[in-house]
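Next come the chains, spelled out residue by residue.
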Amino acid sequence: METSKTMEEPDVGILCYISQLPGFRGILKQRYADFIVNEVDTDGNVVQLTCLEPPPQMVEETKECEVKVSDEKMSESKSYEAEIELFRSLAGDSDAEKLESLISQVDSRTGSEDSASHIVLSPDSDKAHRTAVHNFFKQNFKFLVTDTTDGPDASSKCIRVRLDSGGHKNNGRNSKKRKERGEKPFDSRGSSNWPEHLGKFLRFHLYKENKDTQEALGIIGKMLGIQSKSFGFAGTKDKRAVSTQRVTVFKQQASRLAALNDRLIGIKVGNFCHVKEGLLLGKLLGNRFTVTLRGVIADSEDTIKAAADSLGRHGFINYFGLQRFGTGSVPTHLIGAALLRGEWKTAESNDIEGTLRQLPRHLVAERAVLQCLKKCPGDYLQALKAIPRTLRMMYVHSYQSYLWNHAASERVQKYGFDQVFPGDLVYCKGDDTEKDTVGVNSECNDDNSDDTYDCSHLDETSGTDRPESKNTLVKVVTAEDMSTGNYTVDDVVLPMPGSRVIFPTNEIAKVYHDLAKKDAINLTESDHSVKEFSITSMTGSYRRVFQKPLDFEWELLAYNDSNKPLAETDLDKISKTRSTNIIKQEEQGQGDEDKDLSDCKKQPESSRNSIGLSTDTNEDSEREAGSEQVFSSNRQETQMALKLSLTLPASCYATMAIRELLKTSTSVAYHKTLNQ
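These lines cover the structure that appears in this document, whether it is placed above or below.

The rules we used
- Residues numbered from 1 in each chain as written.
- Predicted model: local features only at pLDDT ≥ 70, side-chain atom pairs only at ≥ 80, totals over all residues.
- Heavy atoms only, no water.
- Salt bridge = Lys/Arg side-chain N within 4 Å of Asp/Glu carboxyl O.
- Helix = DSSP H or I, 4+ residues; strand = E, 2+ residues; numbered from the N terminus.
- Buried < 20%, exposed > 50% of the residue type's maximum accessible area, 1.4 Å probe, protein only.
- Pairing = 2+ DSSP bridges.
- Axes fitted to C-alpha atoms, helices over the stretch in contact; angles between N-to-C directions.
- Contact = heavy atoms within 4.5 Å.
- Phe/Tyr/Trp six-rings, centres within 6.5 Å; stacked < 30°, edge-to-face > 60°.
- Lys NZ or Arg CZ within 6 Å of the ring centre and 35° of its normal.
- Parallel < 35°, antiparallel > 145°, perpendicular 65-115°, else oblique.
- Nonpolar A, V, L, I, M, F, W, Y, C, P; charged D, E, K, R; others polar.
- Core = buried A, V, L, I, M, F, W, Y, C linked by side-chain atoms within 4.5 Å.

## Considering the pattern of salt bridges
Piece 1. In this structure the tally under the stated criterion is 21 salt bridges.
Piece 2. Measuring nitrogen to oxygen at the nearest pair gives 2.8 Å for the salt bridge that ties D34 to R294. One end of the pair, D34, is in the loop between β1 (25-27) and β2 (35-40); the other, R294, is in strand β10 (residues 286-297), and 260 residues separate them in sequence.
Piece 3. With relative accessibility at 1%, the residue D34 sits in the buried group.
Piece 4. R294 sits in the buried class, given a relative accessible area of 0%.
Piece 5. For the salt bridge of D424 with R411, the shortest nitrogen-to-oxygen distance reads 2.9 Å. Residue D424 is located in the loop between α13 (389-415) and β12 (425-427), and its partner R411 is located in helix α13; the two are separated by 13 residues in the primary sequence.
Piece 6. Residue classification places D424 among the buried positions, given a relative accessible area of 2%.
Piece 7. With a relative accessible area of 1%, R411 lands in the buried category.
Piece 8. Salt bridges linked by common partners bring E39, K237 and R246 together as one network.

## Section: the sheet that holds strand β5 (residues 157-163)
Piece 1. The strand order β3-β5-β4 describes an open sheet built from three strands, whose pairing is antiparallel. Edge positions in the sheet fall to β3 (118-120) and β4 (144-150), since each has one partner strand and no second. Across the sheet, the mean angle separating the axes of adjacent strands is 20° when strand polarity is ignored.
Piece 2. Inspection of the sheet shows β3 paired to β5 by three bridges, in the antiparallel sense. Within β5, the position partnered with V120 by the bridge is R160.
Piece 3. Across the sheet, helix α4 (residues 127-140) lies against β4 and β5, angled at about 160° from β4, the strand it touches most.

## Description of the packing of aromatic side chains
To describe a pair of aromatic rings, you give the distance between the ring centres and the angle between the ring planes.
Piece 1. If you walk through the whole model with that rule in mind, you get 17 aromatic pairs.
Piece 2. With a centroid separation of 5.3 Å and 65° between ring planes, the pair formed by F87 and F137 is classed as edge-to-face. With F87 in helix α2 (residues 81-91) and F137 in helix α4, this pair connects stretches of sequence that are 50 residues apart.
Piece 3. Among the residues examined, F87 registers a relative accessible area of 0% and is labelled buried.
Piece 4. F137 gets classed as buried once you look at its relative accessible area, which sits at 1%.
Piece 5. Pairing Y415 with F421 gives two aromatic rings, centres 4.8 Å apart and planes at 25°, and the pair type is stacked.
Piece 6. Assessed through its relative accessible area of 25%, F421 is described here as partly exposed.
Piece 7. Three or more aromatic residues link up through ring pairs in this structure, and these residues are Y80, F87, F136, F137, F141 and F143.
Piece 8. The residue whose ring lies beneath K29 is F35, and the NZ or CZ to ring-centre distance is 4.3 Å.

## Comments concerning the packing of α2 against α4
Piece 1. Across the interface, α2 lies against α4 with an axial gap of 11 Å and an inter-helix angle of 175°. One way to sum up the angle between α2 and α4 is to call them roughly antiparallel. Of α4, the residues touching α2 (which contributes E83, L86, F87 and L90) are H129, A132, V133, F136, F137 and N140.
Piece 2. For the contact of α2 with α4, the per-class residue count stands at seven nonpolar, two polar and one charged.

## Examining the environment of H513
Piece 1. Structurally, H513 is set in helix α15 (residues 508-518).
Piece 2. Judged by its relative accessible area of 33%, H513 falls in the partly exposed class.
Piece 3. For the pair formed by H513 and L403, sequence separation is 110 residues and the distance between their alpha carbons is 9.0 Å.
Piece 4. Contacts of H513, omitting those with residues within four sequence positions, involve F503 and L523.

## Structural notes on the nonpolar core
Piece 1. Grouped together as the largest cluster of nonpolar side chains are 83 residues, with contacts concentrated most on F24, F35, L293, L642, L644 and L661.
Piece 2. Examining the composition of this core, we find that twelve residues originate from one element, α13, more than from any other.
Piece 3. By size, the runner-up hydrophobic cluster in this structure holds 21 residues, among which are M58, A216, L224 and F272.

## Overview of unusual backbone geometry
Only a minority of non-glycine residues have a phi that is not negative, and only a minority of peptide bonds are not trans.
Piece 1. The phi angle at K29 is positive, at roughly 60°, despite the residue not being glycine.
Piece 2. Here K29 is to be found in the loop between β1 and β2.
Piece 3. For K29, a relative accessible area of 12% translates into the label buried.

Shown next as structure tokens:
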């Protein structure tokens, strides 16, 4: 597979706009703090970081737990004295001392049970004696497991003793496989002593700056001594952004996590509580975005106002954004097409060793493939399966998205954006649910991550793997539906190809099959037997063609310093609250001296959809070279910014809303040129 040129929006089917209004210049993500994302939970609450310390009640519960654990450990230590003496008579003083040391480690462990070490008993050439030792541990130390390793010479063996990390029920083997777990999240081993009245999962709000979700949780997990897969979350969030989301972890104490805040850089945790269940991918309604577009230049304020009003009224085409298709030399949808054709051998470097040395550690997929090819040269299918499953499925999902985007563009070009047409697919309403309909998972609820794909960006869209998706009925619009006016363009959906979806019965269906045929792919039959990479083995799903932003607000701001934040993050708000409290404590009782400070900290927010100029007059601020003066008589290189606040479902891309507003590309390369 040949490497491609820099990918542009038309390459992946992003071709149309809803409105014909003129756009304007604006720089997206000039600073990562210009893109703020707050998760919206399943109850519709915007997730915010408001407190860094555990509530007093949780601190007390933690103390009670620690006392209980301490008492039980003391009890455990005393209760095994007799067993250790029996073992001494069986194995000798040296091995008995090793066992006593291991049990001491188990008693004093904190956090993960895996933190306890293991011991290797003295070499033993007597098989019958080794069997007696194995049986002794089975009968007297059920929390320990034994196995046999090679001794120092050919005639002897050594017995290794370690903590049973899997518990008694599965005899020390690995935890249940994914299929056996079903929807239950991974339960890493936390404290084995836990108060019954407390939920076994600690839920907290994760705040991060310029880091992706997996990276942030990897750092926290390393500090806690637990694996990153111990954490549960509803969706990955942008890397080049400031974001806040919910996370759960099994049997961890809030005080341990809160203590990390002083050591964490660009990451904070807070808003702790105990819950009964861990979070699963997709368990969210969407995200609240606060996006600041800097360096705004337009013909007039009216141009900006008209574009913003149109976005609020009509919305945007619900395209999959460029980030869905990767940032590598080969777009992910082209790899997906190759997989669907059964062409396992893709463009790989012949110099595997050299390539591995050069690849950054975060390129998980690439490294996994090359490591496997290094061990098994020529086994390309096995190499692909070395990639984490959610990541390798991203390639196929990317091809589905490629087809969907082209179909959406065709729908807009042929039928417009303001009415339903016969043959369209719509979500059912009222009595239609009992008529000729097809049920399948409704939206491909990938959490929106308006950032470039890397190997830690897991984009979940497969209907077969999304138990939380709603079973929604879809039907074909008929002439009768047209006469009743029961459906609007907001109800129109298009399918993500799969075995359980239907296609529109108008001309739009042809787009799917024609494009797939060009790529030598059959959407109804598979060319190979590997189900994982077969369209016919995927359920498929539906996605709304048009999306309106919810709770949409905007305002124009003037600024002089390109490094000055123009929107408050959750951490800014916490810092402001703390500063305010300190000021109140220090200056309490000083009369009207506080008036100016109070007024400063309670500035009224700009009204919804307003053009309120908030000018930074700091003449010492660093200015961008070549900046233009817009909408202001201020001669000090004042620039304009447009701040947008909007909520979108988890299956939508904020960059596509911004594209509708600006009428320009959302590619990273394009916006970098605006900074030059």
